[in-house]
Amino acid sequence: LLEHIALQPIMRTYKCATTASGRAARLATNTCIIHGVLLLPLLCSIDAFSISTAGGTNPKQPPQSASATIINQAKQNLRQALKTSNYRSETEAVQAAVRELAELNAPSNEADPCSSPLFEGRWLGLTAPTFPGRIEGTPDDVYKFKLGRMSFNQFQPADLVCTVDRIVNPVIPINDDSDSDSDSSADDEAAAASLACFSYSFHSSISIATKCGNDLPALLISDAICRPWTHTNEEDCIKGRVEVAFGGGSLEPVKNLIGDEGYNRLWGETFNVVMDQDVPQSFRYDVERPFKGFIDVLYLDEELRITRGNMGTIVIAERVRKELAE
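Since the model is a prediction, treat every value here as computed from it, not as a measurement.

About the thresholds
- Residues numbered from 1 in each chain as written.
- Predicted model: local features only at pLDDT ≥ 70, side-chain atom pairs only at ≥ 80, totals over all residues.
- Heavy atoms only, no water.
- pLDDT = per-residue confidence, 0-100.
- Helix = DSSP H or I, 4+ residues; strand = E, 2+ residues; numbered from the N terminus.
- Contact = heavy atoms within 4.5 Å.
- Buried < 20%, exposed > 50% of the residue type's maximum accessible area, 1.4 Å probe, protein only.
- Core = buried A, V, L, I, M, F, W, Y, C linked by side-chain atoms within 4.5 Å.
- Pairing = 2+ DSSP bridges.
- Phe/Tyr/Trp six-rings, centres within 6.5 Å; stacked < 30°, edge-to-face > 60°.
- Lys NZ or Arg CZ within 6 Å of the ring centre and 35° of its normal.
- Salt bridge = Lys/Arg side-chain N within 4 Å of Asp/Glu carboxyl O.

Structural notes on the confidence of the model for the protein
For the protein, per-residue confidence averages 78 on the pLDDT scale, and 69% of positions sit at 70 or higher. Within the protein, the lowest mean pLDDT, 29, falls on strand 3 (residues 50-51), and the highest, 98, falls on strand 9 (residues 202-209). Residue range residues 6-64 is modelled with pLDDT below 50. Its contacts to residues more than four positions away, or to other chains, number 94 contacts. In this model, residues 188-194 is a region of pLDDT below 50 whose contacts with residues beyond four sequence positions or in other chains number 6 contacts.

Below, the structure is given as structure tokens:
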């Protein structure tokens, strides 16, 4: 998943809107099919009217009914494309469905995703994991990687094979309680940026194939923070862009298995640690200078988020309830 965002080490070797009503009616009714994917034409929003059954417009009807129907159809197209493509986002069918939804993204979310109330939450990845070095020879819907490749070789034994079950991305606001005595505009801008800072970690539920042949469930966490993309050059101020910085990670036991004698023993044997307590030892690493990258938020609403990293990889996620994400 970290290949979604190009990690750039710093001094370290770690490495439309208001269209004419007649045109809107035609856009809402005309569709085409390319490579088996239903493509709806560009329709940014229909806020001033809704389409009547007679084909005209009626400002007195709920204004979002037509656009909501179009968006729901586009979401169905995307889910179907994901299913037929084994949830790989690089396929043409998925790319076409993503472009369709991106054209329907609300302007408020497109301008600055971090300021949208929809940005935070717990997001479950729908697309296939994109850790480097996927082990070949497995079924299309099974994703196996070496533990070392998943963790920048920070966790040992690095050659342990891990199967990724799911990846959850909790996006949680970070409150800055620090005081500032400066009244300068620069300090005001810095304070505003800090208020829009979020924890942006990735929690990968994995199953480790141990030397004894038993699978060991574990949680691999990549810690990151994100904030609005801010640059002094006007050409670098890109709508929908968010800066992401990865600062470390951890390998942890699964909470609901802690206390199980067999699980604790297998954890100790796998990682060669002495189990002198009831809670298995967690492992952690921190990076002195965070790896930096960015994501572009292509689509965001109450249930779906589509992002593209600066390596071009697209990740699609759906919002989940807290209890399902843990």
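Following the structure, the description resumes.
Focus: helix 7 (residues 261-271)
Within helix 7, the full set of buried residues consists of Tyr 263, Asn 264, Leu 266, Trp 267, Gly 268, Thr 270 and Phe 271. Structurally, helix 7 contributes buried residues whose contacts are with helix 5 (147-150), strand 9, strand 10 (215-228), strand 11 (241-253) and strand 12 (283-300). Backbone geometry just downstream of helix 7 places Asn 272 in the positive-phi region, at approximately 55 degrees.

Observations concerning the nonpolar core
With 44 residues, the main nonpolar core has Phe 119, Tyr 200, Ile 206, Leu 251, Trp 267 and Phe 271 as its most contacted residues. Among the elements of the structure, helix 5, strand 7 (161-173), strand 8 (198-200), strand 9, strand 10, strand 11, helix 7 and strand 12 are those that each provide at least two residues to this core. The element that contributes the greatest number of residues to this core is strand 12, accounting for 7 residues. When sequence neighbours within four positions are dropped, the list of residues in contact with Ile 206 reads Met 150, Cys 162, Thr 163, Val 164, Leu 216, Pro 217, Ala 218, Leu 220 and Leu 251. Formed by 19 residues, the second largest nonpolar core is a distinct cluster that contains Leu 82, Leu 101, Ile 314 and Ile 316.

Some points on the pairing of strand 12
In terms of strand pairing, strand 11 meets strand 12 through 10 bridges, oriented antiparallel. Each bridged residue has a counterpart across the sheet, and for Gly 249 the counterpart in strand 12 is Tyr 285. Looking at chain direction, strand 12 and strand 13 (residues 304-309) are connected through 5 bridges and run antiparallel. Of the residues in strand 13, the one forming a bridge with Tyr 299 is Ile 306. Turn length for the strand 12-strand 13 hairpin, with the two strands adjacent in sequence and antiparallel, is 3 residues.

Observations regarding the packing of aromatic side chains
Ring pairs (aromatic) are described by centroid distance and by the angle formed between their planes. Applying the stated rule across the entire model yields 13 aromatic pairs. Consider the rings of Tyr 263 and Trp 267, whose centres lie 6.1 Å apart with planes at 40 degrees: the pair is tilted. Here Tyr 263 pairs with Trp 267, and both are found in helix 7, just 4 residues apart, close to one helical turn. As far as burial versus exposure is concerned, Tyr 263 and Trp 267 are alike and both buried. Directly above the ring of Trp 229 sits Arg 241, whose terminal nitrogen or CZ lies 5.6 Å from the centroid. The ring of Phe 294 has Arg 241 sitting right over it, with the charged end atom 3.7 Å from the ring centre.

Focus: unusual backbone geometry
The omega torsion of the bond from Gln 156 to Pro 157 falls at -5 degrees, within 30 degrees of zero and hence cis. Topologically, Pro 157 is positioned in the loop between helix 5 and strand 7. A positive phi is found at Asn 153, a non-glycine position, where the angle reads about 60 degrees. Tracing the chain through its elements places Asn 153 in the loop between helix 5 and strand 7. The residue Asn 272 is not glycine, and still its phi comes out positive at about 55 degrees. Its location among the elements puts Asn 272 in the loop between helix 7 and strand 12.

Here we look at the pattern of salt bridges
On inspection of all chains with the given rule, the structure shows 10 salt bridges. Here Glu 303 makes a salt bridge to Lys 75, at a shortest N to O gap of 2.7 Å. Placement of Glu 303 in the loop between strand 12 and strand 13 and of Lys 75 in helix 2 (residues 65-84) is noted, with a sequence separation of 228 residues between them. Taking relative accessible area as the criterion, Lys 75 reaches 10% and is therefore assigned buried. A salt bridge links Lys 211 to Asp 159, with the shortest nitrogen-to-oxygen separation between them at 3.5 Å. Note that Lys 211 is positioned in the loop between strand 9 and strand 10 and Asp 159 in the loop between helix 5 and strand 7, a separation of 52 residues in sequence. Taking relative accessible area as the criterion, Asp 159 reaches 42% and is therefore assigned partly exposed. Salt bridges here are not isolated pairs; linked through shared partners, they connect Lys 75, Asp 301 and Glu 303.

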